[in-house]
Amino acid sequence: MTVTEAAAARENARLQQHMDRDREDLADDERGPAEVAELERITQLLAATGGVYDPETDAVVQDELATDRRAAEAEQQRLQEQQQLAARADELAALARAGRLDQSVETRPGDEAARDFLLHRGNYHPVVDGWLAQALADCSGHYADPAARADALGSLPAAVQAHAALLAALARTGAPAADGELEFAGRLAQADPEATDALAAWLEHSLAPTKLAEAGEAGAR
């Protein structure tokens, strides 16, 4: 398209827009004004540069195409991440149903989001909360990373955090616990997270003098 052809196309677009101005079905249609504006821009571009219009050398068009590509790539990445999240949620739900979601299954980054996904999808299993709380208390799986533990405190519900705090405090007593023996900790946390946190803090405070005494005895020896 030459500058002459661009100018002619612009005038035709303006004429069409004028003819359509009283059509109610086109009252909110922005395509006509957008076409006129684009042809005006191309006409001015060709008037300044001469030659024949080529979209591949038009910086505005190339920027728009690049923006579209980035948006498409971002959407593709979002869909892939959503698929991965759904797959992990399905895996955790299946393990929970089979009674195999225990500490032999390590937590991974994103498991907090998988928990939320199950909750919103309507097939959440409470065993997942206990599994996350135990891993958080043990600093196992991806919770071995302090940054991951800090992130969990901002994304996991108060009941899960309180459950983890109580399990950690109970573990510091040194008393061995058989499988299922500390199941009450989860029930307490679900019923009253604040009281559970208070109990965990009390245990920690009560254990502190004992730990200091043990350390002193070890140093004396």
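Structure shown above.
One numbering rule holds for all chains: residues counted from 1, following each sequence as written. Given that this is a predicted model, residues contribute local features only at a pLDDT of at least 70 and side-chain atom pairs are listed and counted only at 80 or more, while totals for whole chains, interfaces and linings are drawn from all residues. As a convention, hydrogens and water are excluded, and side-chain values are obtained from all of the structure's heavy atoms.

Peer 1: Describe the overall build of the protein chain, listing the residues and the values that go with them.
Peer 2: Counting from the N terminus, the helices are DSSP H or I runs at least four residues long and the strands are E runs at least two residues long. A count of helical and extended segments in the protein chain gives nine helices and zero strands. Shown N-terminal to C-terminal, the secondary structure of the protein chain runs as helices and strands in the order α-α-α-α-α-α-α-α-α. Counting all 221 residues of the protein chain, 28% fall into the buried class. Between two residues, a contact is recorded if the distance between any of their heavy atoms is within 4.5 Å. Of all intrachain contacts in the protein chain linking residues separated by at least 6 positions in sequence, the fraction that spans at least 24 positions is 64%. The Shrake-Rupley method, run with a 1.4 Å probe sphere, supplies the accessible areas, and residue values consider only the shown protein chains as cover. Split by element, the accessible area of the protein chain, about 14100 Å² in all, is 55% carbon and sulfur. The classification of residues rests on relative accessible area computed with a 1.4 Å probe and restricted to protein chains. Under 20% of the type maximum is buried, over 50% is exposed, and intermediate values are partly exposed.

Peer 1: How would you summarise the pattern of salt bridges if you had to cite specific residues and measurements?
Peer 2: The salt bridge criterion pairs a side-chain nitrogen of Lys or Arg with a carboxyl oxygen of Asp or Glu, the two atoms within 4 Å. In total, this model carries 15 salt bridges according to the counting rule given. Among the salt bridges present, the one from Glu75 reaches Arg78, with a minimum N-O distance of 2.8 Å. Taken as a pair, Glu75 and Arg78 lie in helix H3 (residues 59-97) at a separation of three residues, close to a single helical turn. Of the charged contacts in the structure, one is a salt bridge between Arg108 and Glu91, with a shortest N-O distance of 3.7 Å. In this pair, Arg108 is assigned in the loop between H3 and helix H4 (111-121) and Glu91 in helix H3, connecting sequence segments 17 residues apart. By relative accessible area, which is 42% here, Arg108 ends up partly exposed.

Peer 1: Give me the lowdown on the environment of Glu40, citing residues and values where you can.
Peer 2: Within the secondary structure, Glu40 is located in helix H2 (residues 31-49). Here the alpha-carbon distance between Glu40 and Ala9, two residues 31 residues apart in the chain, equals 9.2 Å. For Glu40, the contacting residues outside a window of four places in its chain are Arg10 and Arg14. Polar contacts, as counted here, are pairs of nitrogen or oxygen atoms within 3.5 Å of one another; within protein the pair requires one atom able to donate a hydrogen and one able to accept it, and residues that are adjacent in sequence qualify only if both atoms are side-chain atoms. At 2.8 Å, the side chain of Glu40 forms a polar contact with the side chain of Gln44.

Peer 1: Quick rundown of the nonpolar core? Include the residues and the values.
Peer 2: Counting residues in hydrophobic clusters, the biggest one holds 33 residues, and the most contacted among them are Leu101, Trp131, Leu132, Tyr143 and Leu156. Counting only elements with at least two residues in this core, the list comes to H3, H4, helix H5 (127-138), helix H6 (146-155), helix H7 (158-171) and helix H9 (193-220). Those residues in contact with Leu132 that sit more than four places away from it in its chain are Thr107, Asp111, Arg115, Tyr143, Leu156 and Val160. Side-chain atoms within 4.5 Å link the members of a nonpolar core, which is a set of buried Ala, Val, Leu, Ile, Met, Phe, Trp, Tyr and Cys residues. Ranked by size, the runner-up nonpolar core spans five residues in total, among them Ala6, Leu46, Tyr53 and Val61.

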